[in-house]
Amino acid sequence: MTGLRPWLLRRLLLGAGQTAAVVLLVFALTEALPGDAAVALAGDQPDPARIAALRETMHLDRPAAERLVDWAAGLAHGDLGSSLVSGRPVSSYLADGFAPTLLLATLTLLLLVPLAGGLGVLAARHEGRPVDRLISAVTLGVYAVPEFALGVLLVTVVALRLEWLPPTAVGHGDDLTAHPAVLVLPVLVLLSRPVCSLARLVRAGMIDALAAPHIAHARRYGIPGARLRYAHALPNALAPAAQQLARTVDWLLCGVIVVEALFVIPGLGTVLMNAVAERDVPVLQGLAVVFAVTGVVLNLAADTVIYRCTPRAGVAA
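A brief report on the enclosed structure follows. (Residues numbered from 1 in each chain as written. Predicted model: local features only at pLDDT ≥ 70, side-chain atom pairs only at ≥ 80, totals over all residues. Heavy atoms only, no water.)

### Looking at the overall build of the protein chain
Piece 1. If you tally the helices and strands in the protein chain, you get 14 helices and 0 strands.
Piece 2. When the 317 residues of the protein chain are sorted by exposure, 40% land in the buried category.
Piece 3. The long-range fraction of contacts in the protein chain, counting pairs at least 24 apart against all pairs at least 6 apart in sequence, stands at 71%. (Helix = DSSP H or I, 4+ residues; strand = E, 2+ residues; numbered from the N terminus. Buried < 20%, exposed > 50% of the residue type's maximum accessible area, 1.4 Å probe, protein only. Contact = heavy atoms within 4.5 Å.)

Given below as structure tokens:
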């Protein structure tokens, strides 16, 4: 614990700096976008006088630096601001989109961890044999397929041609838990690539761990194979998998835009797309803060797991 505390402090300070950098970068990029919320609200045939009036109403006529300082001051008090388009608090947008995204992420993770871990351990146990080659070939092939291509294929075959599952969430209301069939195809698409990458990482880590000298020494003492694999080898194989899992959770919670757009899931990805289309800068900034903090926290959690499993990893961190 003596060495863990200063290491955690360094990581927290680094995470705070990363979050601030992301916020500044997003603000600069949104300022560089052509047009603004006033132009988006003005319609296809905008009137310059109306655009000027909208800009004044939305305070877009103020200097960018002044708007950034005011927004940062509100952020320090937990205020993410209000939408330029609707006037609603940004937090309400995040609350509306977070529940569907969290539901998809939770279902995906509940299947991802045991499936990827099981495949990785199974392939490592049969290294070089047909089972290992089959798992490696299938995971490599599935990983090469982009999410949108797999999603379109599943919708075309499973939903439209075979009519086994609904193609989208349209017409099923906001409560997705009341219609579990709607979630099957999105979860399958979300699982496809992460399960392949995690399984391959677990396989590689298990093979290296099982070949370590301390495992050979434990075998000579007659320790059972199952205990060697799961109590001694698997913890050492989790370090690279933990980092990949943290990135996967970050990817899931921060709005999977392609999947949510394809299956019309009203999650954070949909909120982000609408905010970009409407040039709603406060909503974009609020999403950026949430995404950045989520990424920092998840990566810190993954690094902590790695540090506890393999303390020497903390030296590099």
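That covers the picture; the talk isn't over yet.
### Side note on the side chain of Glu147
Piece 1. By the secondary structure assignment, Glu147 is in helix H7 (residues 147–161).
Piece 2. The class of Glu147 is buried, set by a relative accessible area of 17%.
Piece 3. The contacts of Glu147, once residues within four sequence positions are left out, are Val189, Arg193, Trp251 and Val259.

### Some details on unusual backbone geometry
Residues other than glycine predominantly adopt negative phi, and peptide bonds predominantly adopt the trans conformation.
Piece 1. With a phi angle near 60 degrees, Glu163 is a residue other than glycine that sits in the positive phi range.
Piece 2. Within the fold, Glu163 resides in the loop between H7 and helix H8 (181–210).
Piece 3. When its relative accessible area of 63% is taken as the criterion, Glu163 is described as exposed.
Piece 4. The phi torsion at Val264 lies on the positive side, around 55 degrees, for a residue other than glycine.
Piece 5. On the secondary structure map, Val264 appears in the loop between helix H11 (257–262) and helix H12 (268–278).

### Digging into helix H6 (residues 130–143)
Piece 1. With 14 residues, H6 should reach 20 Å at 1.5 Å per residue; the first-to-last C-alpha distance of 20 Å fits that figure.
Piece 2. Regarding H6, the residues found buried are Asp132, Ile135 and Thr139. For H6, the angular spread of the buried residues around the axis is 70 degrees, confining them to a single face. Set apart from the buried face of H6 by more than 90 degrees, the exposed residues are Pro130, Arg133, Leu134 and Leu140.
Piece 3. On its buried face, H6 is in contact with helix H5 (90–125) and H8. (Expected span 1.5 Å × (residues − 1). Arc of directions from axis to C-beta.)

### Examining the layout of surface pockets
Piece 1. The volume enclosed by the largest pocket comes to roughly 360 Å³.
Piece 2. If you trace the largest pocket, you find 19 residues lining it, with Arg67, Trp71, Ser82, Leu84 and Pro282 closest to the centre.
Piece 3. Ranked by residue count, the leading element in the lining of the largest pocket is helix H4 (residues 64–76), at 4 residues.
Piece 4. Its residues placed into classes, the lining of the largest pocket shows 8 nonpolar, 7 polar and 4 charged.
Piece 5. The volume enclosed by the second largest pocket comes to roughly 250 Å³. (1 Å grid on protein atoms, 1.4 Å probe; cavity = no way out; pocket = protein on both sides within 12 Å on 5 of 7 lines; lining within 4 Å. Points joined across faces, edges and corners; volume = space filled by probe spheres on them. Nonpolar A, V, L, I, M, F, W, Y, C, P; charged D, E, K, R; others polar.)

### Side note on the packing of aromatic side chains
Piece 1. In total, this model carries 0 aromatic pairs according to the counting rule given.
Piece 2. Over the ring of Tyr93 we find Arg88, and its NZ or CZ is 4.4 Å from the ring centre.
Piece 3. One residue, Arg193, lies across the ring of Tyr143, its end atom 4.3 Å from the ring centre. (Phe/Tyr/Trp six-rings, centres within 6.5 Å; stacked < 30°, edge-to-face > 60°. Lys NZ or Arg CZ within 6 Å of the ring centre and 35° of its normal.)

### Concerning the packing of H6 against H8
In a packed pair of helices, the relevant descriptors are the angle between the two axes and the axis-to-axis distance.
Piece 1. Where H6 contacts H8, the two axes come as close as 8 Å, and the packing angle between them is 140 degrees. Looking at the two axes, H6 sits oblique to H8. Pair H6 / H8 crosses with left-handed handedness. Of the residues in H8, those in contact with Asp132, Ser136, Thr139, Leu140, Val142 and Tyr143 of H6 are Ser192, Arg193, Cys196, Ser197, Arg200 and Arg203.
Piece 2. A per-class count over the contact of H6 with H8 returns 4 nonpolar, 4 polar and 4 charged. (Axes fitted to C-alpha atoms, helices over the stretch in contact; angles between N-to-C directions. Parallel < 35°, antiparallel > 145°, perpendicular 65-115°, else oblique. Left-handed = near helix turned anticlockwise from the far one by under 90°.)

### Things to note about a nonpolar patch on the surface
Piece 1. A surface patch of nonpolar side chains, amounting to about 410 Å² of accessible area, comprises Leu153, Val157, Leu162 and Trp164.
Piece 2. Along the chain, the position of Val157 falls in helix H7. (Patch = residues over 30% accessible without salt bridge, like charges linked within 9 Å, V, L, I, M, F, W, Y side chains within 5 Å. Areas by Shrake-Rupley, 256 points an atom, 1.4 Å probe, with all protein chains shown as cover. Salt bridge = Lys/Arg side-chain N within 4 Å of Asp/Glu carboxyl O.)

### Here we look at the nonpolar core
Piece 1. Counting residues in each nonpolar core, the largest one holds 39 residues, and the members touching the most others are Leu185 and Phe263.
Piece 2. Counting residues per element, the ones that place at least two in this core are H5, H7, H8, helix H10 (225–253) and helix H13 (281–309).
Piece 3. It is H8 that contributes the most residues to this core, 14 residues altogether.
Piece 4. The residues contacting Leu185, other than those within four sequence positions of it, are Leu154, Val155, Val158, Ala159, Leu165, Pro166 and Phe263.
Piece 5. Within the second largest apolar cluster, 13 residues are counted, among which are Leu80, Val271, Leu272 and Phe291. (Core = buried A, V, L, I, M, F, W, Y, C linked by side-chain atoms within 4.5 Å.)

### Concerning the pattern of salt bridges
Piece 1. A complete count under the given rule lists 3 salt bridges for this structure.
Piece 2. For the salt bridge of Asp96 with Arg88, the shortest nitrogen-to-oxygen distance reads 2.7 Å.

### What to know about the environment of Gly205
Piece 1. Structurally, Gly205 can be placed in helix H8.
Piece 2. The exposure class of Gly205 is buried, given its relative accessible area of 13%.
Piece 3. For the pair Gly205 and Leu238, spaced 33 residues apart in the sequence, the C-alpha separation amounts to 7.1 Å.

Don't take any of this as a statement about function, it's just geometry.
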